[in-house]
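Fold and geometry: a report
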Amino acid sequence: MKLKYFIMISVSVLMVVLMINSGLCQMGGPMRDDMGRRFGENFSAGDMMGAGQTLRQDAGMKGMGFMHSGACLYGQYITFDVDNLTGEITNYGIVGVEIFDSIAVNGFEYGSTQASEAITLTTIADADGTTFIQVHDNPAAVINVFSSEDYTVNFDLADGTTVSEEENIVKIEVEGSDIVVYIISASVDTIDISGDNGLISITSPADSSVVVRAVPVNMQGQGLDNVHGMFVRGMAGNRVGAEVSLGKGGSMSVVNYAEEMHVELQSMTQDMIQLRVNCTDPAGRIMAFNLDNTSLMLQEMDRIGIHYDGTPMACVNDPGLVFNATTATCWISQQTREQAQIMMYIPEFSEHTIDIVVESDEAAEVPTTTETPETPDTKVPGFEALIAVLGLVLSGYVSKKLKK
């Protein structure tokens, strides 16, 4: 008799666990069409961040990556909700601060919401696979909006935001917060801004992207806003190849701004993180690396160094030199043992290895240079070229979608 009761209790517990696992804490994979909105309009980005932290902690999830409950997605840095009837993104927040009340593409017919295997990327696609929005959970809060047809994307700003525009770059700031967000689009795009707390509408041609990027929120208060302003202008000038974020629990987010570039993690230990970078386009590119509670273990007097193809690199004190470089150049901002921001220029490609290493005081000194690299040709391709390569990257997804 006791065995019978034991079996009945065990089966009941198992059923409860399976129900919780399937309905509450889903990580990766497609979101079912029957997943409705869990919270009403009064549920703020701050509320979502708090709820998400609890869910992630209960599931033992560390580092970057989305967990979804219903139509709500909870990342380490990013939270938002997806309307499964329209595909509209609502309550988009960065570390609990609401930036956009909504993000919507005109005429968008919702098809699916899909998290990648690494779950640091979520894609909201339309029914025919021609238009989609990619949302990254990383410190720079990157969003790519792409369509193989002419389209208009609308960003409805949250209360307390102010907006300014310089050429094809829109800058958004939030009252009472250090968060700064940029929207980068092609110079041929039509940008209509209705004012602070209002609507930003961007009309783009077919096979083009609109990119959203924030100053990395894990580096706030370190005086790097100007550096990341230069990085955004580098994106607009088609000089940026990729951005790599490495975080807690071995999590990794890679954003490719050049279709030809591929970044692969080779190894990650307490002393070194090794990456392999290859690109079929031989043109030089800028890369950014954001390190936050990675596997690297630095002692009190240790520092981070860069080895380029096995050779220690001399880094510059002025980050502006990286953005004007024509030879291999790097800049490192390391203000704590847990966090570092690296900017690097790779002058030419086929394939390279980049080692981010822990160096002690006993290690051989690599001189830091302040020499100004040769000024590059000012005829740098515009953001239209970046749009083209992003279109190639994203069109791969479209073609796969249409073939199914």
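For the structure itself, consult the block above.
The residue count restarts for each chain, going from 1 along the sequence in the order it is written. In keeping with the model being predicted, local features are shown solely for residues with a pLDDT of at least 70 and side-chain atom pairs are shown and tallied solely at 80 or more, while totals for entire chains, interfaces and linings include all residues. For the side-chain quantities, the full set of heavy atoms in the structure was used; hydrogens and water were omitted.

Description of the overall build of the chain
The test is simple: By the criteria applied, helices consist of DSSP H or I runs no shorter than four residues and strands consist of E runs no shorter than two, each listed in order from the N terminus. Only protein chains enter the calculation, and the probe is 1.4 Å; a residue is then buried if its accessible area is under 20% of its type maximum, exposed if over 50%, and partly exposed in between. Any two residues whose heavy atoms approach within 4.5 Å at even a single point are treated as in contact. With residues, only the protein chains shown are counted as cover, and all accessible areas are computed by Shrake-Rupley using a 1.4 Å probe.
Helix and strand content of the chain: 5 helices and 27 strands. Counting the 404 residues in the chain, one finds 52% classified as buried. Residue pairs at least 24 apart in sequence account for 64% of intrachain contacts in the chain once pairs closer than 6 positions are excluded. Counting every atom, the chain has about 18000 Å² of accessible surface; 50% of that belongs to carbon and sulfur.

Here we look at the sheet that holds strand β3 (residues 72-74)
The cut-off we apply is this: Should DSSP find at least two bridges between two strands, the strands are taken to pair. Helix axes use the C-alpha atoms of the stretch in contact, all axes being lines fitted to C-alpha atoms, and the angles between their N-to-C directions lie in the range 0 to 180 degrees.
Read from one edge of the open sheet, 8 strands run β2-β3-β4-β5-β6-β11-β16-β15, paired in antiparallel fashion. Here the strands that pair on one side only, and so sit at the sheet edges, are β2 (67-69) and β15 (190-193). Neighbour-to-neighbour, the strand axes of the sheet open up by a mean angle of 20°, direction not taken into account.

Some points on helix α2 (residues 45-58)
We apply this condition: Under the convention used throughout, the expected extent of a helix is 1.5 Å for every residue step, that is, one less than its residue count.
Given a rise of 1.5 Å per residue, 14 residues ought to cover 20 Å, and the 20 Å separating the end C-alpha atoms of α2 matches this to within 8%. Contacts from the buried residues of α2 go to β2, β3, β4 (78-82), β5 (89-94) and β6 (97-105). Among the residues trailing α2, Gly60 stands out with phi positive, at a value near 75°.

Focus: the pairing of β15
Pairing between β15 and strand β16 (residues 199-204): 4 bridges, direction antiparallel. Within the sheet, the bridge partner assigned to Asp192 lies in β16 and is Ser201. Hairpin connection, β15 to β16: the antiparallel pair is bridged by 5 residues, and Gly195 has positive phi, about 125°.

Quick look at the sheet that holds strand β20 (residues 261-268)
Taken in spatial order, the 5 strands line up as β20-β21-β27-β23-β24 in an open sheet, and their pairing is antiparallel. With one partner strand each, in any of the chains shown, β20 and β24 (311-312) form the two edges of the open sheet. Sheet topology note: the strand β21 (residues 272-279)/strand β27 (residues 351-359) ladder contains 7 bridges and is antiparallel. Of the residues in β27, the one forming a bridge with Ile273 is Ile356.

Brief notes about the packing of aromatic side chains
Inclusion rule: By convention, a stacked pair of Phe, Tyr or Trp rings (six-membered ring in the case of Trp) has centres within 6.5 Å and planes under 30 degrees apart, an edge-to-face pair has planes over 60 apart, and any other such pair is tilted.
The full count for this structure, using the stated rule, is 6 aromatic pairs. Seen in terms of ring centroids, Phe80 and Tyr92 are 6.4 Å apart; in terms of plane orientation they differ by 35°. Their pairing is tilted. Of this pair, Phe80 sits in strand β4 while Tyr92 sits in strand β5, and the two are 12 residues apart along the sequence. Just as Phe80 is buried, Tyr92 falls in that class too. Pairwise contacts between aromatic rings join Phe66, Phe80, Tyr92, Phe100 and Phe155 into one cluster.

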